[in-house]
Amino acid sequence: MAAHLHLSSPFSTGLPLKSPRRPRRIPSRSSLPAPVSARSASRPLRAAVIGGGPAGASAAEALAGGGVETYLIERSPAGSKPCGGAIPLCMLDEFSIPAHLVDRRVTGMRILSPSNLAVDFSRSFRPGEHIPMLRREVLDAFLRSRAQSRGAHLLPGLFTSLEPPSSLSSGEPYLIHYTSSPAPGTLAGTPSTLAVDVVVGADGANSRVARSVSAGTYSSAIAFQERIRLPPEKMAHYEDLAEIYVGSDVSPDFYGWVFPKCDHVAVGTGTVMSKPEIKKYQAGIRARVWSKIAGGEVIKVEAHPIPEHPRPRRVVGRVALVGDAAGYVTKCSGEGIYFAAKSGRMCGEAIARIWNDNSKDVVTEEELKREYLRKWDREYLWMFRFLDLLQRVFYGSNAAKEALVELCGDEYVQRMTFESYLYKRMAVGDWRKDLGLVWRTVGSLAKAGIMGKEVERLRTLAEC
Ligand SMILES: Cc1cc2nc3c(=O)[nH]c(=O)nc-3n(C[C@H](O)[C@H](O)[C@H](O)COP(=O)(O)OP(=O)(O)OC[C@H]3O[C@@H](n4cnc5c(N)ncnc54)[C@H](O)[C@@H]3O)c2cc1C
């Protein structure tokens, strides 16, 4: 299959492709040529990235930038992922996101307890610090088009199945079966096949790629959100303010939110343990914010699963999972955009690096695990575990949620929280203040009647 050897590819000189080429259709594996060693054939490594959200777009950008022939398959390039759209401040610089893509710069973050005790959680923001809020349709389209400008080929289409090689060590390709999006004026798409050396599964929480390689399952939350256009005087309240609501009326085990966007607010909630009742909790968050959104018009209703923890297997053969497909969303905050983009980039760079350094001409499972997975776990596993623990301690009951809100009033807690959230780095605290914080935490929990198991968990946390 000459189309996949690209003997005269510009990649052989290390330059990215300038103009996208359509992949040839491959009818069946039996018609494929004998495997050819990639390097000896002087052709670039071929990668398919399934899913063009922040994870897939960032992976594709890194792969194409590293000289890999990259195909990015996205089923709905004009769609919008249901999402609150809050990102950490560091993501703007780290991913060179232009300022004009940001809808709102939130400098006020209010958290409200089950008894409606309101605490201004953002008092410790320093000048210039804020939480950028974006619409996902805007962010994702930008990231995809940047990947294209680096040389990735965007293939609008629905990935349907993956055919693995008969032997991984043979260098035989993976076959990606997908239905390319219908041409204008037609109803049905075209069944298509693409042969690649390596696959990145970035197709979100319902990942078909993960299923195809038996990566194992994870428990997930369901998140529900309404986008509500407010009258100008009501929108003024949310000019640069976001609100977080906790309480069993809005969620038994998560929180409800009001996040401001360009001309509307996103009002939503989530739960793991009571998914069938999600609409009841959405009614709960609506009731809590009723006076502030009255007169608003619902312009969109959306819902989507959120993974709760990483999958049992995130690299299988020459297939790597990133973003939600891998399960990279933190507990407690439900944050996943940054981790999706970061894992996509990390994985894409790892593949390109392995390929460029490789004297053996193959990208192996072991190399993917070493260069992507272990590096990821070293950097972020502690953060995921820590936030998991906090969620268990503080989201368990209304009393614990009251204690959480009380603690959020503490300026030291705020500084440490935002230092970690905004900059995605381990905040370095002062041990005397840390000790004081543990005391205040235990005190708040005790006052709220949360003794025993939770206090024991916190003690373990303090000892870590
Ligand atoms: C309601 C809600 C609110 C949230 N709010 C926030 C927030 O404020 N901040 C935050 O950081 N995180 C938030 N999250 C989490 C965040 O949305 C995800 O973690 C993030 O989108 C993960 O990015 P991703 O690229 O891994 O996956 P996705 O964004 O899900 O992208 C997957 C892409 O793959 C495509 N795809 C799927 N299947 C196929 C297929 N078979 N063929 C081709 N393409 C396919 C999809 O169309 C999609 O574009 C929220 C989630 C929800 C549900």
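Note that residues are indexed from 1 along each chain, following the sequence as it is written. Whole-chain, interface and lining totals are the exception, using all residues; otherwise, since this is a predicted model, local features are given only for residues with pLDDT of at least 70 and side-chain atom pairs are given and counted only at 80 or more.

### A few points about the overall build of the protein
Part 1 of the argument: Think of it this way: any DSSP run of H or I at least four residues long counts as a helix, any run of E at least two long counts as a strand, and we number them from the N terminus. When you go through the protein residue by residue, the secondary structure sums to 14 helices and 17 strands.
Part 2 of the argument: To assign burial, the other C-beta atoms lying within 10 Å of each residue's own C-beta are counted, with C-beta atoms placed from the backbone; 20 or more indicates buried, 12 or fewer indicates exposed, and intermediate counts indicate partly exposed. Out of the 464 residues in the protein, the part that is buried amounts to 46%.

### Quick notes on the site of the ligand
Part 1 of the argument: Think of it this way: take the backbone, place a C-beta atom on it, and check whether that atom is within 6 Å of the molecule or strand, in which case the residue is near it. In the vicinity of the ligand, 40 residues are found, and the nearest of them are Gly51, Gly53, Gly84, Gly323 and Gly336.
Part 2 of the argument: Sorting the residues of the shell around the ligand by element identifies α1 (54-65), β2 (69-74), β7 (153-163), β11 (220-229), β15 (297-307), α8 (323-326) and α9 (337-357) as the ones contributing at least two each.
Part 3 of the argument: By the convention adopted, Pro, Cys, Tyr, Trp, Phe, Met, Ile, Leu, Val and Ala count as nonpolar, Lys, Arg, Asp and Glu as charged, and the other residues, Gly among them, as polar. Here the residues of the shell around the ligand are counted per class, giving 18 nonpolar, 15 polar and seven charged.
Part 4 of the argument: Marked domain ranges trace back to an automatic or database domain assignment. Composition of the shell around the ligand by domain shows at least three residues from each of domain 1 (2-80 + 138-217 + 311-380) and domain 2 (90-134 + 220-307).

### Focus: the sheet that holds β15
Part 1 of the argument: Two strands make a pair as long as DSSP finds a minimum of two bridges between them. Spatially, seven strands are ordered β5-β4-β12-β13-β14-β11-β15 in an open sheet, and the strand pairing comes out mixed. The open sheet is flanked by β5 (118-120) and β15, the only strands paired with a single partner. Across the sheet, the axes of successive neighbouring strands diverge by a mean angle of 20 degrees, strand direction being ignored.
Part 2 of the argument: Pairing analysis gives ten bridges linking β11 to β15, with the strands arranged antiparallel. Each residue of the ladder has a partner; that of Ala223, found in β15, is His304. Angular values range over 0 to 180 degrees, each being the angle between N-to-C directions of two axes fitted as lines to C-alpha atoms, with helices fitted over their stretch in contact.

### Some words on the sheet that holds strand β9 (residues 190-196)
Part 1 of the argument: One open sheet holds the eight strands; their spatial order is β9-β8-β7-β2-β1-β10-β17-β16, and the pairing between them is mixed. Each having just a single partner strand, β9 and β16 (315-316) make up the two edges of the open sheet.
Part 2 of the argument: For strand β1 (residues 46-50) and β2, the ladder comprises five bridges, and the chain directions are parallel. Note on β2: the bridge partner recorded for Ala47 is Thr70.

### A short note on the packing of α1 against α9
Part 1 of the argument: The interhelical angle for the contact between α1 and α9, taken along N-to-C directions, is 25 degrees, at an axis separation of 7 Å. Put simply, α1 runs roughly parallel to α9. Crossing hand, α1 versus α9: right-handed. Seen from α1, the contacting residues are Pro54, Ala55, Gly56, Ser58, Ala59, Ala60, Glu61, Ala62 and Leu63; seen from α9, they are Ile337, Ala340, Ala341, Ser343, Gly344, Arg345, Cys347, Gly348, Glu349, Ile351 and Ala352.
Part 2 of the argument: Along the lines of polarity and charge, the residues of the contact of α1 with α9 split into twelve nonpolar, five polar and three charged. When describing relative orientation, an angle under 35 degrees is termed roughly parallel and one over 145 degrees roughly antiparallel, while 65 to 115 degrees is termed roughly perpendicular and anything else oblique. Crossing handedness is defined as follows: a turn of the near helix away from the far one that is anticlockwise and smaller than a right angle gives a left-handed crossing, while the clockwise case is right-handed. C-beta atoms are first placed from the backbone for all residues, and any pair lying within 7 Å is then listed as a contact.

### Overview of the packing of α9 against helix α10 (residues 365-394)
Any two packed helices are characterised by the angle at which their axes cross and by the distance between the axes.
Part 1 of the argument: Contact geometry for α9 and α10: axes closest at 9 Å, N-to-C directions at 150 degrees. As far as their axial angle goes, α10 and α9 are roughly antiparallel. The interaxial crossing formed by α9 with α10 has right-handed handedness. For the pair α9 and α10, contact is made by Ser343, Met346, Cys347, Ala350, Arg353 and Ile354 and by Glu367, Leu368, Glu371, Tyr372, Lys375 and Trp376, respectively.
Part 2 of the argument: Taken together, the residues of the contact of α9 with α10 sort by class into seven nonpolar, one polar and four charged.

### Quick word on α1
Residues spaced three or four apart along an α-helix point in a common direction, a consequence of the helix completing one turn every 3.6 residues.
Part 1 of the argument: Here, expected helix span is obtained from the residue count minus one, scaled by 1.5 Å. The terminal C-alpha atoms of α1 lie 16 Å apart, and with twelve residues this matches the ideal 16 Å at 1.5 Å per residue to within 8%.
Part 2 of the argument: Within α1, twelve of the twelve residues are buried, leaving the element largely enclosed by the surrounding structure.
Part 3 of the argument: By the burial criterion, the buried members of α1 are Pro54, Ala55, Gly56, Ala57, Ser58, Ala59, Ala60, Glu61, Ala62, Leu63, Ala64 and Gly65.
Part 4 of the argument: Tucked into the core, α1 has its buried residues touching β1, β2, α3 (136-149), β10 (198-201), α8 and α9.
Part 5 of the argument: The first or second residue beyond α1 is Gly67, which carries a positive phi of 90 degrees.

### Focus: the pairing of β7
Part 1 of the argument: As paired elements, β2 and β7 share four bridges and run parallel to each other. Along β7, the bridge assignment pairs Glu74 with Pro156.
Part 2 of the argument: Here β7 runs beside strand β8 (residues 174-180); their pairing, made up of six bridges, is antiparallel. In the sheet register, Glu163 faces β8, and the bridge partner there is Leu175.

### Examining unusual backbone geometry
Part 1 of the argument: Look at Asn116: it is not a glycine, yet its phi comes out positive at around 70 degrees.
Part 2 of the argument: Looking at the secondary structure, you find Asn116 in the loop between β4 (108-112) and β5.
Part 3 of the argument: The phi dihedral of Ser214 is positive, around 50 degrees, even though this residue is not glycine.
Part 4 of the argument: With respect to the helices, strands and loops of the structure, Ser214 is situated in the loop between α4 (208-212) and β11.

### Overview of the pairing of strand β13 (residues 256-260)
Part 1 of the argument: Buried residues dominate β13, accounting for five of its five residues.
Part 2 of the argument: Burial along β13 is two-sided: the residues Gly256, Val258 and Pro260 and Trp257 and Phe259 are all buried.
Part 3 of the argument: Strand direction decides the pairing type here: strand β12 (residues 241-245) and β13, joined by three bridges, are antiparallel. Bridging from a neighbouring strand, Glu243 pairs with Val258 of β13.

### Details of the environment of Arg345
Part 1 of the argument: Considering the arrangement of structural elements, one finds Arg345 in helix α9.
Part 2 of the argument: Sequence separation of Arg345 and Val322 is 23 residues, and the distance between their C-alpha atoms is 9.1 Å.
Part 3 of the argument: Residues contacting Arg345, with those up to four places away along its chain left out, are Ser58, Ala59 and Ala62.

### Examining the confidence of the model for the protein
Part 1 of the argument: Taken as a whole, the protein shows an average pLDDT of 85; of its residues, 82% reach a score of 70 or greater.
Part 2 of the argument: On a scale of 0 to 100, pLDDT captures the predictor's confidence in every residue. Predicted confidence is poor over residues 1-41, with pLDDT under 50, and the contacts of this stretch with residues over four places away or in other chains come to 60 contacts.

### Let's talk about the environment of Ile228
Part 1 of the argument: Looking at the element boundaries, Ile228 is found in strand β11.
Part 2 of the argument: For the pair Ile228 and Lys300, spaced 72 residues apart in sequence, the C-alpha to C-alpha distance is 7.3 Å.
Part 3 of the argument: Leaving out residues up to four positions away in the same chain, Ile228 has contacts with His264, Val265, Val267, Ile293, Gly296, Glu297 and Val298.

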